[in-house]
Amino acid sequence: MRADRLVATLLLMQSRGRVTAKEVAGELEVSVATARRDLEALSAAGIPVYPQPGRGGGWALVGGARTDLSGLTATEAQALFLLVGPAAAVAPDAKAALRKLVRALPQTFRADAEAAASAVVIDSARWGQEVPERDDTVDLLRQAVVRRRKVRLAYRNRTHQTTERLVDPWGLIDKDDVWYLIAGTEKGQRTFRVDRITDATATDEEAHRPGDFELAKAWDEVVEEMEQRRSPVSAVVLIEQRFVHVLHRQFGRHCEVLGEQDGRATVRLAAHTPLSIAERIAGWGTTVEVIESAPVRTELARIGAELAARYGSVDE
């Protein structure tokens, strides 16, 4: 986590202008030797951090306390603490880091930053349920990603077969309370559901991560591929334009407006089966007209016939 310490050291020097290695060590809870190495590393990297010899010396920024290496404005500081604050409530490390960052901010920013940090609470438990426990496997994988260490996994697939794999962990994704790991394997990039990992052990082997790998971009590609696999069937329908937003709520990203004319919209819908599409639009009656997809029309006709047989002759 050296990168985090270097950032914290810069912020601390920004607020004070001049510090000693002992002061940095006390604030960041590291040894004096580690603090001194971090200060030397900043200077070697070209940051305007220089040692000041003699009594009352230490390490100083060129320009003193007026040098703003963080570049944070008051609004940006508030945005940062609004984001980090909720995490600090459940993660001790995040809480400690937040406390240090507050102390490192310019005095005029601190009150608003502290208020922003406590302005939002995230309750991940659904009504009537308990807060889900933190998965130790996620923590192990996160550390392996940061430290760039290979991980040996025991992984159970959809057919409940378990295999062992040695992977290069590249990044973790939390999607709707389900964690995924993107990793490099002998067969290339693969995505693993963390809840299917039955055992995980970090090794001392250095993991390889491509220099051009971007986690967000990689995950977007995974999502796009999965959504296409989950929705291979499509149908084109006509509907009044004023109802398109309702249809979009039903189908989400699988609702695509192809065109609009005379108050009606042509929309492509997609799902995993013709029946799935038919079931969701059957309640629209004649408001939705299927103009492309014979299988979906067939399912709608079958649903209509079943309803007519069940309720058509019922006396009031």
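Parameters at a glance
Residues numbered from 1 in each chain as written. Predicted model: local features only at pLDDT ≥ 70, side-chain atom pairs only at ≥ 80, totals over all residues. Heavy atoms only, no water. Pairing = 2+ DSSP bridges. Helix = DSSP H or I, 4+ residues; strand = E, 2+ residues; numbered from the N terminus. Axes fitted to C-alpha atoms, helices over the stretch in contact; angles between N-to-C directions. Contact = heavy atoms within 4.5 Å. Expected span 1.5 Å × (residues − 1). Buried < 20%, exposed > 50% of the residue type's maximum accessible area, 1.4 Å probe, protein only. Arc of directions from axis to C-beta.

Chemist: Could you give an account of the pairing of strand S4 (residues 149-156), with specific residues and numbers?
Modeler: On any regular strand, side chains alternate: one points to one face of the sheet, the next to the other face. In the sheet, S4 pairs with strand S8 (residues 197-206) via six bridges, with the strands oriented antiparallel. From the neighbouring strand, Leu153 faces S8, where its bridge partner is Ala200. Two strands pair when backbone bridges link them, and S4 and strand S5 (residues 162-175) are joined in this way by six bridges, in the antiparallel orientation. Residue pairing for S5: Tyr155 is matched across the bridge by Thr163. Hairpin connection from S4 to S5: five residues lie between these consecutive antiparallel strands, with His160 at a positive phi of about 65 degrees.

Chemist: Let's hear about the sheet that holds strand S7 (residues 188-193): which residues, and what values?
Modeler: Strand order across the open sheet formed by five strands is S7-S6-S5-S4-S8, with antiparallel pairing between neighbours. Unpaired on one side and paired on the other, S7 and S8 mark the two borders of the sheet. When strand polarity is set aside, the average angle formed by the axes of neighbouring strands in this sheet is 45 degrees. Against the sheet, helix H7 (residues 136-147) engages S4, S5, strand S6 (178-185) and S8, with an angle of about 85 degrees to S5.

Chemist: Provide a residue-level description of helix H8 (residues 215-230), including the pertinent values.
Modeler: With 16 residues, H8 extends 22 Å from end C-alpha to end C-alpha; this agrees with the ideal 22 Å at 1.5 Å per step. Taken residue by residue, H8 has Ala218, Trp219, Val222, Val223 and Glu227 as its buried positions. One side of H8 carries all its buried residues, which in axial view fall inside an arc of 165 degrees. For H8, exposure combined with an orientation more than 90 degrees from the buried face picks out Lys217, Asp220 and Gln228. In this structure, the buried side of H8 is in contact with S5, S6 and S7.

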